[in-house]
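Understanding the architecture of this molecule
Spelled out from the first residue to the last, the chains are:
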Amino acid sequence: MNKHNTLKLKILSFVLIIMVVFLHSYSISSTNSFSEKLATRGYNSFLQHFLSEEITRIAVPLFFLISGFLFFFNLKGTKEEFLAKFKKRAKSLLVPYLFWSSIWILIYFCFQAFPQTQAFFAGKPVRNFTILEFLNTLFINPIPFQLWFLRDLIILVLISPLLYLLIKYFKYFPFLLLLFGWYLNVNYYFIVNEALLFFTAGATISLVKNKILELNFSPKHTVFIFLWLAIALVNSILYYMIFENAEVRNILHKTGILVGIIAIWILYDFLKKKNVESDQVSEIYSFSFFIFVFHLPLITFVKKILFKFGNSELISFSIYLIAPIIVILISIFIGYLLKKFTRPFYEIITGGR
């Protein structure tokens, strides 16, 4: 992979992390009931849905796609290659997963013990966990729920030899089959269907069509950007109108994700002239993973504090915009300090990133 595409993936990953933080800043209770009064739905509800439930929803699928592409890039399918990748991913995925899951169990255990801080650490007290509940929280459903991404990525790495064989012999068919299942909301139980689909998509591009990264986009391709925004806008309007046909909204939403992935890939090429690849800003991109693992539950705490000032429509939307910025800045600051003064420790908890 050439230097431009390597940096492109790094910068896009940072942008996607920012989108994930805004996604998790969403603070509107969703409902499809016609009994809900429209008076409670204003610009705050509409804009939060448009941004967090439509626009930023491309972030996680694109992360899985990039992960699948990088995992299978130049892979020949030998036993030695897979063993080397398993070892590398144990360091970059499993170790950070267990650390951040464990540290938040400890944090909750400590702060739930004090009446002054209990309100910020809701849920069943950790001290009352059974053995099974503790193991489930540590390994399956961690307190910082964004770790489900790492959990599913670990599963995908484990089944990667099977995916390799399926793609090698059946080319695009596994992806198309999973795409059909994704639209139908098929539940695979052991893994999120979105994770399996887009990791497989990335693997398919890497193994079958990796030259796609070299495509040059012309101004006419900006139609994908406008189409993405149009789909997101239409689905947000349907949400605002409490449109009850879930199938239509599901098709629009998922089509918007597919178009959005293409759109943001093209958008980068049009913005690269704006010094996004300059050395002056490149250092900040290295904190993508730390922001990812650190922003939750932190953003929940920040929002709870800010909502002490009120809960009007203006305040709610302001908090939606301000809380992610505060969390991102705090994350980068703490990440910078850890990286500067405890670099070996920082590399362990971020998987060597």
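From a predicted model like this one, the values you see are computed outputs, not experimental measurements. (Residues numbered from 1 in each chain as written. Predicted model: local features only at pLDDT ≥ 70, side-chain atom pairs only at ≥ 80, totals over all residues. Heavy atoms only, no water.)

**Some words on the pattern of salt bridges**
The full count for this structure, using the stated rule, is six salt bridges. For Lys8, the salt bridge is made with Asp269, and the minimal N-O distance between the two is 3.2 Å. Placement of Lys8 in helix H1 (residues 3-23) and of Asp269 in helix H11 (residues 246-271) is noted, with a sequence separation of 261 residues between them. Here Lys8 matches Asp269 in class, with each residue buried. Lys124 is the partner of Glu133 in a salt bridge, and the nearest nitrogen-oxygen pair spans 2.8 Å. Judged by its relative accessible area of 28%, Glu133 falls in the partly exposed class. (Salt bridge = Lys/Arg side-chain N within 4 Å of Asp/Glu carboxyl O. Helix = DSSP H or I, 4+ residues; strand = E, 2+ residues; numbered from the N terminus. Buried < 20%, exposed > 50% of the residue type's maximum accessible area, 1.4 Å probe, protein only.)

**Brief notes about the confidence of the model for the chain**
Looking at the chain, the pLDDT average stands at 91 and 92% of residues meet or exceed 70. Every residue in residues 30-39 is under pLDDT 50, and counting partners more than four places away or in other chains gives 14 contacts. (pLDDT = per-residue confidence, 0-100. Contact = heavy atoms within 4.5 Å.)

**Focus on the environment of Met1**
Looking at the element boundaries, Met1 is found in the segment before H1. The exposure class of Met1 is partly exposed, given its relative accessible area of 36%. In this structure the C-alpha to C-alpha distance between Met1 and Leu70, which are 69 residues apart in sequence, comes to 9.8 Å. Once residues within four sequence positions are removed from consideration, Met1 is found in contact with Thr6, Leu9, Phe69, Leu70 and Phe73.

**Section: helix H10 (residues 223-240)**
The end-to-end C-alpha distance of H10, which contains 18 residues, comes to 25 Å, matching closely the 26 Å that a straight helix rising 1.5 Å per residue would cover. Among all positions in H10, only Ile225, Trp228, Ile231, Ala232, Asn235, Ser236, Leu238 and Tyr239 are buried. Buried residues of H10, viewed axially, fall in a sector of 160 degrees; they line one side. Looking at the buried residues of H10, the elements they touch are helix H2 (43-55) and H11. The positive-phi residue at the C-terminal boundary of H10 is Ile242, with phi of around 55 degrees. (Expected span 1.5 Å × (residues − 1). Arc of directions from axis to C-beta.)

**Remarks on the packing of H1 against H11**
Interaxial distance between H1 and H11 falls to 11 Å at its minimum, and their mutual angle equals 120 degrees. Like other packed secondary-structure pairs, H1 and H11 cross with a definite hand, here right-handed. From H1, His4, Leu7, Lys8, Leu9, Ile11, Leu12, Val15, Leu16 and Met19 reach across to H11, where they touch Ile264, Trp265, Tyr268 and Asp269. The residue makeup of the contact of H1 with H11, split by class, is 10 nonpolar, one polar and two charged. (Axes fitted to C-alpha atoms, helices over the stretch in contact; angles between N-to-C directions. Left-handed = near helix turned anticlockwise from the far one by under 90°. Nonpolar A, V, L, I, M, F, W, Y, C, P; charged D, E, K, R; others polar.)

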